[in-house]
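Read off the chains here:
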Amino acid sequence: MRVVLGVSGGIAAYKSCALLRRLITAGHDVTVVPTAAALRFVGEPTWAALSGNPVSADVWDEVHQVPHVRLGQRAELVIVAPATADILAKAAHGLADDLLSNVLLTARCPVLMAPAMHTEMWQHPATAANVETLRGRGVTVMDPDDGRLTGADSGPGRLPEPEDIFAAAMSVTTQAPVHGAEADMAGLSVVVTAGGTREPIDPVRFVGNRSSGKQGYALAAVAAARGANVLLVSANSGLHDPAGVRVLHLETAAQLQQAVQAAAAEAHCDVVVMAAAVADYRPGNVAAAKMKKDSATQDGITLQMVRNPDILTSLVRDRRDAGHPFLVGFAAETGDDDGDVLAHARAKLKRKGCDLLVANDVSGGETFGADQSTIHLLSPEHDEIETVGPVTKTETAHAVWDAVLRGRTAR
Ligand code: CTP
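Residues numbered from 1 in each chain as written. Predicted model: local features only at pLDDT ≥ 70, side-chain atom pairs only at ≥ 80, totals over all residues. Heavy atoms only, no water.

### Examining the overall build of the protein chain
Alright, step 1. Each helix and strand counted, the protein chain has 14 helices and 19 strands in total.
Alright, step 2. Relative to the compact-globule value of 22 Å for 411 residues, the protein chain shows a C-alpha radius of gyration of 24 Å, a close match.
Alright, step 3. Along the longest, intermediate and shortest principal axes, the C-alpha atoms of the protein chain span 75 × 60 × 40 Å.
Alright, step 4. Sequence separation of at least 24 residues holds for 69% of the intrachain contacts in the protein chain that already meet a minimum separation of 6. (Helix = DSSP H or I, 4+ residues; strand = E, 2+ residues; numbered from the N terminus. Rg over C-alpha atoms; globule rule 2.2 N^0.38 Å. Contact = heavy atoms within 4.5 Å.)

### As for the site of the ligand
Alright, step 1. The local shell around the ligand holds 15 residues, among which Met274, Leu312, Phe330, Lys348 and Lys352 are the closest.
Alright, step 2. Ala276 is positioned such that a nitrogen or oxygen atom in its backbone is 2.8 Å from an oxygen atom of the ligand.
Alright, step 3. Here Asp280 contributes a side-chain N or O atom positioned 2.9 Å from an oxygen atom of the ligand.
Alright, step 4. Computed on the free molecule, the ligand has an accessible area of 570 Å², of which 77% lies beneath the protein chains in the complex.
Alright, step 5. Because more than half of its atoms lie within 2 Å of the grid, the ligand is assigned to the second largest pocket. (Near = heavy atom within 4 Å. Polar contact = N/O pair within 3.5 Å; in protein donor to acceptor, adjacent residues only side chain to side chain. Areas by Shrake-Rupley, 256 points an atom, 1.4 Å probe, with all protein chains shown as cover. 1 Å grid on protein atoms, 1.4 Å probe; cavity = no way out; pocket = protein on both sides within 12 Å on 5 of 7 lines; lining within 4 Å. Sits in = over half its atoms within 2 Å of the grid points.)

### Quick word on the sheet that holds strand β1 (residues 2-7)
Hydrogen bonds between backbone atoms are what pair the strands of a sheet, whose relative direction is either parallel or antiparallel.
Alright, step 1. The 5 strands lie next to each other as β2-β1-β3-β4-β5, forming an open sheet whose pairing is parallel. Strands with a single pairing partner mark the edges of an open sheet, and in this sheet they are β2 (29-34) and β5 (140-141).
Alright, step 2. Pairing between β1 and strand β3 (residues 77-83): 4 bridges, direction parallel. Bridge pairing in β3 places Leu5 opposite Ile79.
Alright, step 3. Strands in contact with helix α1 (residues 15-25) are β1, β2 and β3; relative to β3, the strand with the most contacts, it is inclined by about 160°. (Pairing = 2+ DSSP bridges. Axes fitted to C-alpha atoms, helices over the stretch in contact; angles between N-to-C directions.)

### A look at the confidence of the model for the protein chain
Alright, step 1. Predicted confidence across the protein chain gives a mean pLDDT of 90, with 95% of residues reaching 70 or more.
Alright, step 2. Counting interchain partners and residues more than four positions distant, the pLDDT-below-50 stretch residues 176-181 has 6 contacts. (pLDDT = per-residue confidence, 0-100.)

### What to know about the layout of surface pockets
Rolling a probe over the atoms, with the probe sized like a water molecule, indicates the empty space that remains.
Alright, step 1. Taken as a whole, the second largest pocket holds about 1,000 Å³ of empty space.
Alright, step 2. When residues of the lining of the second largest pocket are traced back to their parent elements, those giving at least two are α10 (214-225), α12 (311-318), β16 (326-333), α13 (341-352) and β17 (356-361).
Alright, step 3. Ranked by residue count, the leading element in the lining of the second largest pocket is β16, at 4 residues.
Alright, step 4. Tallied by class, residues from the lining of the second largest pocket come to 18 nonpolar, 16 polar and 8 charged. (Points joined across faces, edges and corners; volume = space filled by probe spheres on them. Nonpolar A, V, L, I, M, F, W, Y, C, P; charged D, E, K, R; others polar.)

### Observations concerning helix α11 (residues 253-264)
Alright, step 1. The end-to-end C-alpha distance of α11, which contains 12 residues, comes to 16 Å, matching closely the 16 Å that a straight helix rising 1.5 Å per residue would cover.
Alright, step 2. The set of residues buried in α11 consists of Ala253, Leu256, Gln257, Ala259, Val260, Ala263 and Ala264.
Alright, step 3. On the buried face of α11, the contacting elements are β8 (189-195), β9 (199-202), β11 (229-235), β12 (246-250), β13 (271-274) and α12. (Expected span 1.5 Å × (residues − 1). Buried < 20%, exposed > 50% of the residue type's maximum accessible area, 1.4 Å probe, protein only.)

### Observations regarding the packing of α10 against helix α14 (residues 393-410)
Alright, step 1. As a packed pair, α10 and α14 sit with axes 8 Å apart at the nearest point and diverge in direction by 60°. Considering the angle they form, α10 stands oblique to α14. For α10 against α14, the interelement crossing comes out right-handed. Between α10 and α14, the residues in contact are Lys214, Gln215, Ala218, Leu219, Val222 and Ala223 and Lys393, Thr394, Thr396, Ala397, His398, Val400 and Trp401, respectively.
Alright, step 2. Considering only residue class, the contact of α10 with α14 consists of 7 nonpolar, 4 polar and 2 charged. (Parallel < 35°, antiparallel > 145°, perpendicular 65-115°, else oblique. Left-handed = near helix turned anticlockwise from the far one by under 90°.)

### So, a nonpolar patch on the surface
Alright, step 1. Together, Ile11, Tyr14 and Phe41 make up an exposed nonpolar region whose accessible area comes to about 320 Å².
Alright, step 2. Along the polypeptide, Tyr14 turns up in the loop between β1 and α1.
Alright, step 3. Judged by its relative accessible area of 51%, Tyr14 is exposed. (Patch = residues over 30% accessible without salt bridge, like charges linked within 9 Å, V, L, I, M, F, W, Y side chains within 5 Å. Salt bridge = Lys/Arg side-chain N within 4 Å of Asp/Glu carboxyl O.)

### Regarding the sheet that holds strand β19 (residues 386-392)
Alright, step 1. If you walk across this open sheet you meet the 8 strands as β12-β11-β8-β13-β16-β17-β18-β19, and the pairing is mixed. Looking along the sheet, the strands with just one partner apiece sit at the ends: β12 and β19. When strand polarity is set aside, the average angle formed by the axes of neighbouring strands in this sheet is 20°.
Alright, step 2. Here 4 bridges tie β13 to β16, and the two strands are oriented parallel to one another. Bridging from a neighbouring strand, Val271 pairs with Phe326 of β16.
Alright, step 3. Helix-sheet contacts for α11 involve β8, β11, β12 and β13, and the interaxial angle to β11 is about 170°.
Alright, step 4. Those strands touched by α12 are β13 and β16, and its axis lies near 160° from that of β16.

### Focus: the nonpolar core
Alright, step 1. Val190, Leu219, Val273 and Trp401 are the most contacted members of the largest nonpolar core, which totals 35 residues.
Alright, step 2. By residue number, the principal contributor to this core is α10, which donates 7 residues.
Alright, step 3. Beyond its immediate chain neighbours, meaning those up to four positions away, Trp401 contacts Met185, Val190, Val192, Leu219, Val222, Ala223, Arg226, Val271 and Val273. (Core = buried A, V, L, I, M, F, W, Y, C linked by side-chain atoms within 4.5 Å.)

The structure is reproduced here in structure tokens:
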């Protein structure tokens with residue numbers, strides 16, 4: 001793929017060398033377009049040597065080839081990393097006073113921007129408005145990481161890790177319709193939940209679970225790539241928001257229930273996939289202040305847990321008319337004396353009353369956070385169980401959506 005890697009002037013420019021390496025190793029043809037300020041941090045020879053291409057830094061270089069137009073027109077992907085507050089502002093307002101801003105105006109391909117700046121600059125209303133403008137126009141602007149910044153400061157504003165930028169870049173391009181993903185979900189509105197809920201004990205502690213959110217995020221990304229309108233309801237996942245997907249971030253089972261029920265009740269909601277690990281119980285009393293160790297608790301404490309509502313079951317109960325929305329449940333199961341994984345999954349499908357159940361075997365303990373998985377697809381209509389894997393979560397996501405589309409037509 002022909003990639004333009006724009007580098008604007010921040011100290012994090014050195015990290016883009018690792019991103020460039022990653023892109024080259026993956027076989028992409030990368031032209032680096034550093035701004036004048038970026039070249040004060042990392043010099044032209046470094047970019048040229050790592051990319052294997054001449055560096056384009058100035059609109060006045062090789063004018064006969066009209067680089068300010070040609071580079072953007074030919075690009076299949078533009079990444080700007082780091083993206084400073086200044087380049088975000090220029091891009092939002094359509095300024096074109098250097099080569100990189102010209103490329104951003106002429107590119108018609110997916111554009112990914114990975115911001116890096118001090119927290120004050122990132123949180124300034126001007127930057128926030130520019131980011132909103134760019135996102136509204138279809139540019140993928142990643143959220144910066146939270147952590148150590150230049151000097152002694154720390155907070156949101158750190159450049160996301162090169163590997164995360166690379167992953168976001170790949171997901172941006174798989175979602176571009178020009179790259180051949182079949183848009184067989186165009187016109188469908190889907191809701192996907194992901195991650196694991198956290199149930200507070202006091203202002204600093206919670207009861208949680210090991211769900212990474214990877215499967216739910218892959219389901220959301222794949223649905224968007226296949227043309228669906230996607231709302232991702234994400235509980236405590238540290239993953240980057242997939243491109244082209246509306247994301248709601250929340251924490252507890254109660255918040256998740258409220259968000260999902262509101263979304264499912266909308267007339268245009270076609271499918272709800274409950275991939276989130278929802279806590280079955282929450283502490284009955286949440287302490288308003290941080291709980292202290294004292295003589296009364298030195299031998300231990302007892303947490304009184306109360307039952308959370310079952311969201312999937314209530315969605316099944318609430319759906320307005322037969323088969324709408326189509327409801328998908330997930331089940332992370334282990335075998336025990338009462339039956340194997342598939343027997344438990346079958347019983348759960350019946351108990352929940354959903355239209356499709358995606359089961360996986362977590363007996364080995366390694367499924368949480370793993371990049372590959374095996375899933376079993378169970379539907380109330382037939383007895384056979386389709387098994388897919390071990391494959392990547394993107395591939396299992398495709399298999400789940402294939403089963404959803406089949407299930408919807410069968411109704
Ligand atoms: N689920 C839900 N609300 C809950 C618990 C689970 O909507 N309070 C959903 C999950 O998102 C998942 C499915 O129900 O899609 C199955 O979750 P799981 O935890 O496996 O099922 P439980 O009903 O909790 O059954 P058990 O823990 O007894 O196996």
